[in-house]
Amino acid sequence: MSKDNERLDEQFVQLALAINEHLPDYVDSYFGPGEWAQEARQAGKFPLSDLTHRVGELAANISSANEWDAQRKIFLNAKSAPCK
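My aim in this report is to walk through the structure given alongside it, one point at a time. In this text, all values refer to a predicted model and were calculated from it rather than measured experimentally.

### Side note on the overall build of the protein
Right, on to step 1. Along the protein, the regular secondary structure elements total four helices and zero strands.
Right, on to step 2. Ordering the α and β elements of the protein from the N terminus gives α-α-α-α.
Right, on to step 3. Within the protein, the fraction of its 84 residues that count as buried is 27%.
Right, on to step 4. Intrachain contacts of the protein at a sequence separation of at least 6 include 52% that bridge at least 24 residues.
Right, on to step 5. For the protein, the accessible area works out to roughly 5900 Å², and carbon and sulfur atoms hold 53% of it.

### Considering the nonpolar core
Right, on to step 1. In this structure, Leu8, Leu15, Ala18, Ile19, Leu51, Val55, Leu58, Ile62, Ala65 and Trp68 together form the largest nonpolar core, which totals 10 residues.
Right, on to step 2. Of all the secondary-structure elements, those providing two or more residues to this core are helix H1 (3-22) and helix H3 (48-63).

### Some points on the packing of H1 against H3
Right, on to step 1. Running from N to C, H1 and H3 point in directions that differ by 155°, and their axes come no closer than 11 Å. Between H1 and H3, the crossing angle belongs to the class labelled roughly antiparallel. The chirality of how H1 crosses H3 is left-handed. Residues Leu8, Gln11, Phe12, Gln14, Leu15, Ala18, Ile19 and His22 of H1 lie in contact with H3, whose contacting residues are Leu48, Leu51, Arg54, Val55, Leu58, Asn61 and Ile62.
Right, on to step 2. Partitioning the contact of H1 with H3 into residue classes produces 10 nonpolar, four polar and one charged.

### So, the packing of H1 against helix H2 (residues 34-43)
Right, on to step 1. Look at H1 against H2: their axes get within 9 Å of each other, and the N-to-C directions meet at 40°. With respect to H2, the element H1 is oriented oblique. Two packed elements cross with a definite hand, and for H1 against H2 that hand is right-handed. Listed contacts from H2 to Glu10, Val13, Gln14, Leu17, Ala18 and Glu21 of H1 are Trp36, Ala37, Ala40 and Arg41.
Right, on to step 2. Taken together, the residues that form the contact of H1 with H2 break down as six nonpolar, one polar and three charged.

### Description of the packing of aromatic side chains
Right, on to step 1. Following the criterion strictly, the structure yields zero aromatic pairs and no others.
Right, on to step 2. Looking at Arg54, its charged tip hangs above the ring of Phe46, at a distance of 5.1 Å from the centre.

The rules we used
- Residues numbered from 1 in each chain as written.
- Predicted model: local features only at pLDDT ≥ 70, side-chain atom pairs only at ≥ 80, totals over all residues.
- Heavy atoms only, no water.
- Helix = DSSP H or I, 4+ residues; strand = E, 2+ residues; numbered from the N terminus.
- Buried < 20%, exposed > 50% of the residue type's maximum accessible area, 1.4 Å probe, protein only.
- Contact = heavy atoms within 4.5 Å.
- Areas by Shrake-Rupley, 256 points an atom, 1.4 Å probe, with all protein chains shown as cover.
- Core = buried A, V, L, I, M, F, W, Y, C linked by side-chain atoms within 4.5 Å.
- Axes fitted to C-alpha atoms, helices over the stretch in contact; angles between N-to-C directions.
- Parallel < 35°, antiparallel > 145°, perpendicular 65-115°, else oblique.
- Left-handed = near helix turned anticlockwise from the far one by under 90°.
- Nonpolar A, V, L, I, M, F, W, Y, C, P; charged D, E, K, R; others polar.
- Phe/Tyr/Trp six-rings, centres within 6.5 Å; stacked < 30°, edge-to-face > 60°.
- Lys NZ or Arg CZ within 6 Å of the ring centre and 35° of its normal.

Right, here's the structure in full:
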């Protein structure tokens, strides 16, 4: 997996941790790097407009990821699509 795709994975997890600050237990279990969870707690609640922007950017980046199989793209796009 390329560095770009690894970065998308990181962004997805970090976004979920940021959402967890607004919706406790959104992330039901986390086994990733401890510093990511700590950074999310220290940052606190981002404005919802910022989170919405980050979700949109991530969804666009996932759509254009070349190395991922179609099933993974569909899953991640559905999970990162902004709510309407």
